[in-house]
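Observations on the three-dimensional arrangement
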Amino acid sequence: MFLFEVVLNGLVLGGMYGLVALGLNLQYGVARMMNLSYGEFFMGGAFAAFWMVALWKLDPLLGMILSVPVSFVANWVIYRFLLLPLIRRSPDQDALDAEVILVTFGLLFVFQGLAIVNWGGEYRSYSFLAVPVKVLGAEVALNRLLAFLAACVLAGTLFVVLSMTRAGSALRAIAIDPIAARLVGVDVQKLSALAFATGGALAAISGTLVSTFISFSASIGVVYTLKALIVIIMGGVGRMMGCLAAGLLLGLAEALGGYLVDPGLTLAINFALFLIVLLVRPTGLFARG
Amino acid sequence: MNRRTFVKGGVAAVGAAALPRKARGQTVPKAIRIGYAISLSGPFAPGAQSTSWSQYKLWAKDVNDAGGIALKKFDRKVPVELIEYDDRSQPDEVIRLVERLILQDTVDLVLPPWGTHMNLAVAPVTNKHEYPVLFFTATALRIRELAKRWPYAFFPLAQPDDSAAPLGTMLAGLKSQGKIKGRVAAVHVAEQTGVELHTSFVEACKKNGIEVVYSKSYPLGVSDLSPVLREAMQTQPDGFFAFSYPTDTFMLAEQSQVVGFNPAIYYSAVGTPFPVFKTKLGDKVNGVLLWGGLDHKAPGLAEYRQRHRAMYSRDTESGAVGMYATVQTLQQAVERVGEIDRRKIREEIATGTFPTIFGALKFKDQLLIDPWTVGQWQNGEVVGVYPAQKPNEQPLLFPKPKW
């Protein structure tokens, strides 16, 4: 029974990892832009949720009414006015990657600095749905379960949209070869901007949900960008279900490793798993072809 | 006597003869310039903001509102001016910036960065340049040795072994009264302070005949601590001790409630006295033991709390109170010396007694004598519990009410 509880908790934790990575997977895997300021929108979502509770004693999830559209628009603006000029002038994809990383790295500091100055740098935390629920006889915290379910639903939705709709096919075409996609009549700029902005909106959603059970501060963004990056590389860039699966695998390894070996080694186990995947399947577990 | 000292001496002698008793020849400084490099961004920023940076700002405002620091030598009050740099949570950066403050900005005094290893990185630099600094946020077993090498470095925080010892005696006392069986679970964050507190605690337990039935670590930045709590719970301990950092402190408290872990004694370390801990837990904070503590009725503390609230619209925490008190100590030392003579200021800190909002501070071998080591949330506020016989020390609330 105890082992089952550990497994379940691991999966729930893994769902959170998957959730955090989904948005960046859209930005990096589909729109082909490595956005290092991704975590700042996660942080923004967390703050919006926090203010809902702290200032107005409202449900933190209502924070998404504010943070999701703001994050969507902000990311669209970033794509349209900061990244598009780079795309236009870069001779090839490698040069573009380097420039995008530099620009978004700068944005990271701008957003983090603004948050620290305006909202303060101290730890923030609140309590929301911190109650146990029984799932198949084992106990999980409701707030964590919520994040897990959101991860499954969002990953599933993205998977369906990308693989079964016309716009999804176009997006996949862009991800594989933007130039060829344009040749067959895909509006690359518009769709990429849409994918990039949606990725930003997902960052705000994941920030909201994760803030219900993990404390955060204005400088937390970069930590989650890195977490998300590991999950994406492991799952296969641009693969939504792969992203979820990689998250679950990491969570499971962390929980089982902590239980069977030692909780002090959970981080080491996660990175060992990451290394093994990189060695065996460098393009990710669920990479194309 | 070489030529330079001879000339200097000669000039001084002539000057002394020509001028009246007060050193009127020296210009009164426009401001006392105080510099610090601290983590305003990066992983240490939240702790630095809460405990140190906010207190420097508040103190400077308080001092300047009162007209400045009184310098007897010039017979007037001189305002303070803060010069700050962001060390971005990097030890090499903090060293470079403190050197810059001393050599390039030629500040009058230096305030410490935040965190044990940041402080220990800076201490040799400030010591070399003979700047007296009170390193409040540093705790390590090595510090007693290091203090001998660095006469200009002061360490007002309880060191790990002193912090753990009262916990051992507390448990032994409860055991001899038959209130507990004497079995405890202990976990720590895999970081130097966590490790040293944990090791010291395990030793203190051994010395007092207390059995540590569960002893594990977890990495910094852990995302789920429920497996650790469930395992600890299975050993049915009388007490649970977590030598933790803020994010895990908050997580442990929340997840203990979720898994229904209700030990009679519950202790956690860094972050436990933070206002956010109480915001998060509400009345459930009562009975939680913590690292630190304070004299909650110290003179001036209530007024300080009001000023803090006015400036930051949030409550202070016991660590921040201690930090403010160390800056007060520096201020009092400067006032007693009456001028910026860092050698004399160092002597004054080393030998004087300083009434502060954290109680009276006195140092021996540059370590604070009898610092607070264990506090507890009681009736919604943090009070000091150990060491015994401190002013306004409160009796232990036992057993801890259920979450």
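Residues numbered from 1 in each chain as written. Chains lettered and ligands numbered in written order. Predicted model: local features only at pLDDT ≥ 70, side-chain atom pairs only at ≥ 80, totals over all residues.

**Here we look at the confidence of the model for chain B**
Going by this rule: The predictor's confidence in any single residue is recorded as pLDDT, a number from 0 to 100. Contacts are defined on C-beta atoms placed from the backbone: any two residues whose C-beta positions lie within 7 Å are in contact.
Across chain B, pLDDT averages 90, with 94% of residues at or above 70. Scored below 50 in pLDDT, residues 1–25 of chain B shows 6 contacts in the model against residues more than four places distant or in partner chains.

**Points about the sheet that holds strand β15 (residues 367–368) of chain B**
Residues and elements named next belong to chain B. The condition that has to hold: Paired strands, as defined in this entry, are two strands with at least two bridges between them according to DSSP. By the criteria applied, helices consist of DSSP H or I runs no shorter than four residues and strands consist of E runs no shorter than two, each listed in order from the N terminus. Think of each axis as a best-fit line through the C-alpha atoms, taken over the contacting stretch in the case of a helix, with angles from 0 to 180 degrees between the N-to-C directions.
Taken together, 3 strands build an open sheet; the order of strands is β13-β14-β15 and the sheet is antiparallel. In the strand order of this sheet, the two ends are held by β13 (353–356) and β15, each with one partner. Bridge count between β13 and strand β14 (residues 359–364): 4 bridges; the pairing is antiparallel. Along β14, the bridge assignment pairs Thr 356 with Gly 359. Along the sheet, helix α12 (residues 318–337) contacts β13 and β14; its crossing angle with β13, the most-contacted strand, is approximately 130°.

**Brief notes about helix α9 (residues 246–259) of chain B**
Residues and elements named next belong to chain B. Put simply, the rule is: Expected span of a helix: the number of residues minus one, times 1.5 Å. To sort residues by burial, count the other C-beta atoms lying within 10 Å of each one's C-beta; a count of 20 or more means buried, 12 or fewer means exposed, and anything in between means partly exposed. C-beta atoms are built from the backbone.
The terminal C-alpha atoms of α9 lie 20 Å apart, and with 14 residues this matches the ideal 20 Å at 1.5 Å per residue to within 8%. Of all 14 residues in α9, 14 are buried; the element is thus mostly enclosed. Just downstream of α9 lies Gly 260, where phi reads positive at about 75°.

**Focus: the nonpolar core**
Put simply, the rule reads: One nonpolar core equals one set of buried Ala, Val, Leu, Ile, Met, Phe, Trp, Tyr and Cys residues connected by C-beta atoms within 7 Å. The domain boundaries here were taken from an automatic or database domain assignment.
In terms of nonpolar packing, the biggest core is built from 214 residues, with Val 231 of chain A together with Tyr 324 of chain B touching the most fellow members. The leading source of residues in this core is helix α1 (residues 2–30) of chain A, at 14 residues. For this core, the domains that each give at least three residues are domain 1 (25–158 + 298–368) and domain 2 (160–291 + 373–386) of chain B. Excluding residues within four positions of it along the chain, Val 231 of chain A makes contact with Tyr 17, Gly 18, Ala 21, Cys 243, Ala 246, Gly 247 and Leu 250 of chain A.

**So, the packing of helix α2 (residues 45–65) of chain B against α12 of chain B**
Residue and element names in this part refer to chain B. Stated formally: Orientation is classified from the angle alone, with under 35 degrees giving roughly parallel, over 145 giving roughly antiparallel, 65 to 115 giving roughly perpendicular, and any other angle giving oblique. If you view the pair so one helix is near and one far, a crossing is left-handed when the near helix is turned anticlockwise from the far one by less than a right angle, and right-handed when it is turned clockwise. Residue classes follow a fixed rule: Ala, Val, Leu, Ile, Met, Phe, Trp, Tyr, Cys and Pro count as nonpolar, while Asp, Glu, Lys and Arg count as charged, and any other residue, Gly among them, counts as polar.
Look at α2 against α12: their axes get within 9 Å of each other, and the N-to-C directions meet at 45°. With respect to each other, α2 and α12 are oriented oblique. When you trace α2 past α12, the crossing you get is right-handed. Within the contact between the two elements, α2 uses Ser 50, Thr 51, Ser 52, Ser 54, Gln 55, Tyr 56, Leu 58, Trp 59 and Val 63 and α12 uses Gly 319, Ala 320, Met 323, Tyr 324, Val 327 and Gln 331. Its residues assigned to classes, the contact of α2 with α12 comprises 8 nonpolar, 7 polar and no charged.

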